[in-house]
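Structural overview
Okay, here's what each chain looks like letter by letter:
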Amino acid sequence: QVQLVESGGGLVQAGGSLRLSCQASDRTFESYIMGWFRQAPGKEREFVAAYGWSGDSAHYADSAKGRFTVDRDHAKATGTLTMTNLKSEDTAVYYCAASSMGTIPTDSDDYEYWGQGTEVTVSA
């Protein structure tokens, strides 16, 4: 199994930025699509962004376009989600996940492995 651990969450003021990291247990992670999801209190888990195997394979939710950037380092078995111009509605627990599907999925049920999440709180 692929083990995933997120880090980098915290408290930030609106308009600020954060970078979240996802550390995988081994290099087999490079064969998986890396996805990011978030879940706000009382809400369903929501797709944020995902990254495949090449530099042009990223896909973003409309809420993330122009503000968030997903990347990965295959050699280090890590992924990152860089968030800028944060808004109060970005407050949530953020999760990284891995999927073995051939195309980037946006449904959380299509991801086999999940981290424990890291909390992001954006203050006005």
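Relevant structure appears above.
Definitions and cut-offs
- Residues numbered from 1 in each chain as written.
- Predicted model: local features only at pLDDT ≥ 70, side-chain atom pairs only at ≥ 80, totals over all residues.
- Heavy atoms only, no water.
- Phe/Tyr/Trp six-rings, centres within 6.5 Å; stacked < 30°, edge-to-face > 60°.
- Helix = DSSP H or I, 4+ residues; strand = E, 2+ residues; numbered from the N terminus.
- Lys NZ or Arg CZ within 6 Å of the ring centre and 35° of its normal.
- Salt bridge = Lys/Arg side-chain N within 4 Å of Asp/Glu carboxyl O.
- Buried < 20%, exposed > 50% of the residue type's maximum accessible area, 1.4 Å probe, protein only.
- Contact = heavy atoms within 4.5 Å.
- Pairing = 2+ DSSP bridges.
- Axes fitted to C-alpha atoms, helices over the stretch in contact; angles between N-to-C directions.

Let us now look at the packing of aromatic side chains. Per the stated rule, a full pass over the model turns up 6 aromatic pairs. Summarising the aromatic geometry, the rings of tyrosine 95 and tryptophan 114 are spaced 6.3 Å apart at their centres and angled 80° between planes, so their arrangement reads as edge-to-face. Of the two residues, tyrosine 95 sits in strand 9 (residues 92-99) while tryptophan 114 sits in strand 10 (residues 113-114), which places them 19 residues apart along the sequence. Through successive ring pairs, a cluster of aromatic residues spans Phe37, Phe47, Tyr95, Tyr111 and Trp114. When the ring centre of tyrosine 95 is taken as origin, the NZ or CZ atom of arginine 45, which lies over that ring, is 4.0 Å away. One Lys or Arg, arginine 72, reaches over the ring of phenylalanine 29 and ends 4.6 Å from the middle of that ring.

This paragraph deals with the pattern of salt bridges. Taken as a whole and judged by the stated rule, the model has 4 salt bridges. Aspartate 90 is the salt-bridge partner of arginine 38, the closest N and O atoms lying 2.8 Å from each other. Placement of the pair is arginine 38 in strand 4 (residues 33-39) and aspartate 90 in the loop between strand 8 (78-83) and strand 9, with a sequence separation of 52 residues. Note on accessibility: arginine 38 and aspartate 90 belong to one class, buried. Because the salt bridges share partners, they merge into one network encompassing Arg38, Glu46, Arg67 and Asp90.

Using a relative accessible area of 0% as the deciding quantity, one classes aspartate 90 as buried. If we ignore the near neighbours within four places in the chain, the residues touching aspartate 90 are Arg38, Arg67, Phe68, Asn85, Val120 and Val122.

Before going further, it helps to spend a moment on the pairing of strand 11 (residues 118-123). Burial along strand 11 is one-sided: the residues Thr118, Val120 and Val122 are buried and none of Glu119, Thr121 and Ser123 is. Pairing analysis gives 4 bridges linking strand 2 (residues 10-13) to strand 11, with the strands arranged parallel. Within the sheet, the bridge partner assigned to valine 12 lies in strand 11 and is valine 122. Where strand 9 meets strand 11, 3 bridges bridge the pair, whose relative direction is antiparallel.

Let us now look at the sheet that holds strand 7 (residues 68-73). Strands sit in the order 1-3-8-7 across an open sheet of 4 strands; the sheet is antiparallel. Every other strand in the sheet has two partners, leaving strand 1 (4-7) and strand 7 as the edge strands with one partner each. The sheet shows a mean angle of 15° between the axes of neighbouring strands, direction not considered. Examined bridge by bridge, strand 3 (residues 18-24) and strand 8 share 6 bridges and lie antiparallel to one another. Along strand 8, the bridge assignment pairs leucine 18 with methionine 83.

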